[in-house]
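# A look at the structure
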Amino acid sequence: MDNYLIISSTSTMSLSHFLLLVIFFNLSLLCVQCNPDYRDALAKSIIFFQGQRSGHLPPQDISWRGSSGLSDGSLAGVSALHLFSCIVDLTGGYYDAGDNVKFNLPMAYTTTLLSWSVIENSRKLGPQLPATREAIRWATDYLLKCARATPERLYVGVGDPNADHKCWERPEDMDTARTAYYVTPTSPGSDVAGETAAALAAASIVFKKVDESYSKLLLSTAKDVLQFAMQHRGSYSDFLGSNDELLWGAGWVYKATNETYYVDLLKSVGGGEGIDIFSWDNKYAGAHVLLAKKSLVNNDETFGEYRQKAEDFMCKILPDSPSSTTKYTAGGLMYKMGASNLQYVTSITFLLTTYSKYMAKANYHTFTCGKLVVTPETLRNLARRQVDYILGDNPMKMSYMVGYGTNYPKRIHHRGSSLPSVAVHSEEIGCEGGFQPYYYGSNPNPNTLIGAVVGGPDQNDFFPDERGDYTHSEPTTYTNAALVGPLASFAGKS
Ligand SMILES: *[C@@H]1O[C@H](CO)[C@@H](O)[C@H](O)[C@H]1NC(C)=O
């Protein structure tokens, strides 16, 4: 519209002058946010996890949150064999997204990605390194309880999702059933067990030099959980397979141990051809990139097949590649799926920066997608474009990270953020009490969930900022976890 006005008021201008003017006009708009403050965004992306904490909270930056879920585990279920283990302690961990449920499959993925971010960027995280470790430990303390509370049983989540999703209440007021879910040898869940093993093994590497005994406990538990996953195959969520988690879990335990036993396990799993996605429910691409490093950097051709698969994946993502299957919006955002698209963008961006780093380390390795020559910069530039888009370099001039910049989502789909805090409103807000006036109202949320990255804009680069629109307005732990690595990679000195 603005461009049209320029045409009518400059009707005597030549076309080339007009085009120059338009280009200048667009460039000047783009430059409003052409210099993202990656350090600020990095710090905020980690603070976000405090807002998702369950359990007993210490004093923290996100002060509008209080302790919650303090009896989690008390409904762990009576078992004839373990009569006295029916009450266990499953407090702690993270609420998944805008709800108050602890789903261990995405929580463990969140933990694995945070750990991988530290492993690849420990120097670049700089002053954020302790806070990132703390965010990991908040999850691993809980995951250890889930794995160690009851023999032959792995707890995989707390909180009845159906009951929780019918309510709009603060975590501090929760009155829905805190059902504890678990898998056993007779009702297996190798998907969630594989991911839990990956998270514990990855975190064991993070803590190796700072807390040796904790690191050892993480690793020995990871090995046990992986064994359980391998011996009792079958997936917890029947619509999702579990081979990707077994590959991912074995890959991480191998990275933490270098024991050839795990290479044999890896080879027995296989699969994952033609993948063009990476997310909490599909980890093949992540496993391939992780294992490709052994081929790229250590020249170990046992892992050559994973390097090939990692590069096939990159060729399906890059916009100029002949085998690309990835759409991009007019504004330049990778567009995978309508629901919570930014979760795919951040996870894939993590792999772009990580593989780029491995390529650079492997004497500046390059590969081709048809005629397209892919260098470490090719991947890094695409990653930077995605991060910059998220931080505000987009047609809406909107930062999709809450609290970063001035124009960011104000009505996120998040129970705690959208309801007055206990400090401000001490009376309980029951299950239905939060819908009016808070959920259905149009006021901005009273509490700022600093650093939360929401589902993001639609395929037309448009974002409505409506609380009920959860596919675009809900933050999730795994969206943020995957962004920490890329932010560190751009924030830190190389
Ligand atoms: C495994 O081997 C690699 C490559 O030789 C080495 O960099 C890494 O530190 C080793 N890890 C462990 C846990 O021994």
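All values derive from a computational prediction rather than experimental measurement.

## Details of the overall build of the protein chain
- Scanning the protein chain for helices and strands turns up 18 helices and 7 strands.
- Split into buried and exposed, the 494 residues of the protein chain put 59% on the buried side.
- Excluding contacts between residues fewer than 6 apart, the proportion of contacts in the protein chain whose partners are at least 24 apart in sequence is 72%.
- If you sum the accessible surface of the protein chain, you get close to 20100 Å²; carbon and sulfur atoms cover 55% of it.

## A few points about the pairing of strand β2 (residues 154-158)
- The buried count for β2 comes to 5 of 5 residues, which makes it a mostly enclosed element.
- Of the pairings in the sheet, the one linking strand β1 (residues 102-103) to β2 comprises 2 bridges and is antiparallel in character. Bridging from a neighbouring strand, lysine 102 pairs with valine 158 of β2.
- Note that β2 and strand β3 (residues 180-183) share 4 bridges and pair antiparallel.

## What about the site of the ligand?
- Taken together, Lys208, Ala256, Asn258, Lys294 and Asn298 make up the full set of residues adjacent to the ligand.
- A distance of 2.4 Å separates an oxygen atom of the ligand from a polar atom in the side chain of asparagine 258.
- Protein chains shield 42% of the accessible area of the ligand, which is 360 Å² for the free molecule.
- In the shell around the ligand, the residues fall into 1 nonpolar, 2 polar and 2 charged.

## Section: the nonpolar core
- Ranked by size, the top nonpolar core spans 134 residues in total, and within it Trp116 and Tyr355 carry the most contacts.
- Of all the elements, helix α7 (residues 190-207) adds the most residues to this core, at 11 residues.
- Non-local contacts of tryptophan 116, meaning those with residues more than four positions away in its chain, are made with Trp248, Trp252, Gly286, Val289, Leu290, Phe350, Leu351, Thr354 and Tyr358.

## Observations regarding the UniProt feature "active site" (unreviewed entry) in the protein chain
- Sequence positions flagged by UniProt for "active site" (unreviewed entry) are, in local numbering, His413, Asp465 and Glu474. Of the residues just listed, which span 62 residues, no C-alpha pair is farther apart than 10.1 Å, and they cluster in one region.
- On the basis of relative accessibility, which here comes to 8%, the residue histidine 413 falls in the buried class.
- Sequence-distant contacts of histidine 413, defined by excluding residues within four places in its chain, comprise Gly98, Trp168, Tyr439, Arg467, Gly468, Tyr470, Ser473, Glu474 and Pro475.
- Reaching out from histidine 413, the side chain makes a polar contact with the backbone oxygen of arginine 467 at a distance of 2.8 Å.
- Position of aspartate 465 relative to the elements: it lies in the loop between α16 (435-439) and α17 (470-473).
- Classification of aspartate 465 as buried rests on a relative accessible area of 12%.
- Separated by 3.1 Å, the side chain of aspartate 465 and the backbone nitrogen of lysine 410 make a polar contact.

## Overview of the confidence of the model for the protein chain
- Mean pLDDT over the protein chain stands at 91; residues scoring 70 or higher make up 90%.
- Overall, residues 1-16 carries pLDDT values under 50, and its contacts beyond four positions in sequence, including any with other chains, amount to 9 contacts.
- In this model, residues 18-33 is a region of pLDDT below 50 whose contacts with residues beyond four sequence positions or in other chains number 16 contacts.

## A word on helix α9 (residues 243-257)
- The end-to-end C-alpha separation of α9 is 21 Å, in line with the 21 Å expected for 15 residues at 1.5 Å each.
- Of all the 15 residues making up α9, 13 are buried; the element is thus mostly covered by neighbouring parts of the structure.
- Phi turns positive, to about 65°, at asparagine 258, one or two residues after α9.

## Quick word on the sheet that holds β1
- With antiparallel pairing, the 3 strands of this open sheet are ordered in space as β1-β2-β3. With one partner strand each, in any of the chains shown, β1 and β3 form the two edges of the open sheet.

## Examining the packing of helix α8 (residues 212-231) against α9
- Where α8 meets α9, the axes come as close as 10 Å, and the angle between the chain directions of the two elements is 150°. Classified by the angle between their axes, α8 and α9 sit roughly antiparallel to one another. Between α8 and α9 lies a crossing whose hand is left-handed. Each of Leu219, Ala222, Lys223, Leu226, Ala229 and Met230 in α8 lies in contact with α9, whose residues at this interface are Leu246, Gly249, Ala250, Val253, Ala256 and Thr257.
- Of the residues in the contact of α8 with α9, the class split is 9 nonpolar, 2 polar and 1 charged.

Criteria and thresholds
Residues numbered from 1 in each chain as written. Predicted model: local features only at pLDDT ≥ 70, side-chain atom pairs only at ≥ 80, totals over all residues. Heavy atoms only, no water. Helix = DSSP H or I, 4+ residues; strand = E, 2+ residues; numbered from the N terminus. Buried < 20%, exposed > 50% of the residue type's maximum accessible area, 1.4 Å probe, protein only. Contact = heavy atoms within 4.5 Å. Areas by Shrake-Rupley, 256 points an atom, 1.4 Å probe, with all protein chains shown as cover. Pairing = 2+ DSSP bridges. Near = heavy atom within 4 Å. Polar contact = N/O pair within 3.5 Å; in protein donor to acceptor, adjacent residues only side chain to side chain. Nonpolar A, V, L, I, M, F, W, Y, C, P; charged D, E, K, R; others polar. Core = buried A, V, L, I, M, F, W, Y, C linked by side-chain atoms within 4.5 Å. UniProt positions renumbered as here; feature names shortened; annotations may be inferred. pLDDT = per-residue confidence, 0-100. Expected span 1.5 Å × (residues − 1). Axes fitted to C-alpha atoms, helices over the stretch in contact; angles between N-to-C directions. Parallel < 35°, antiparallel > 145°, perpendicular 65-115°, else oblique. Left-handed = near helix turned anticlockwise from the far one by under 90°.

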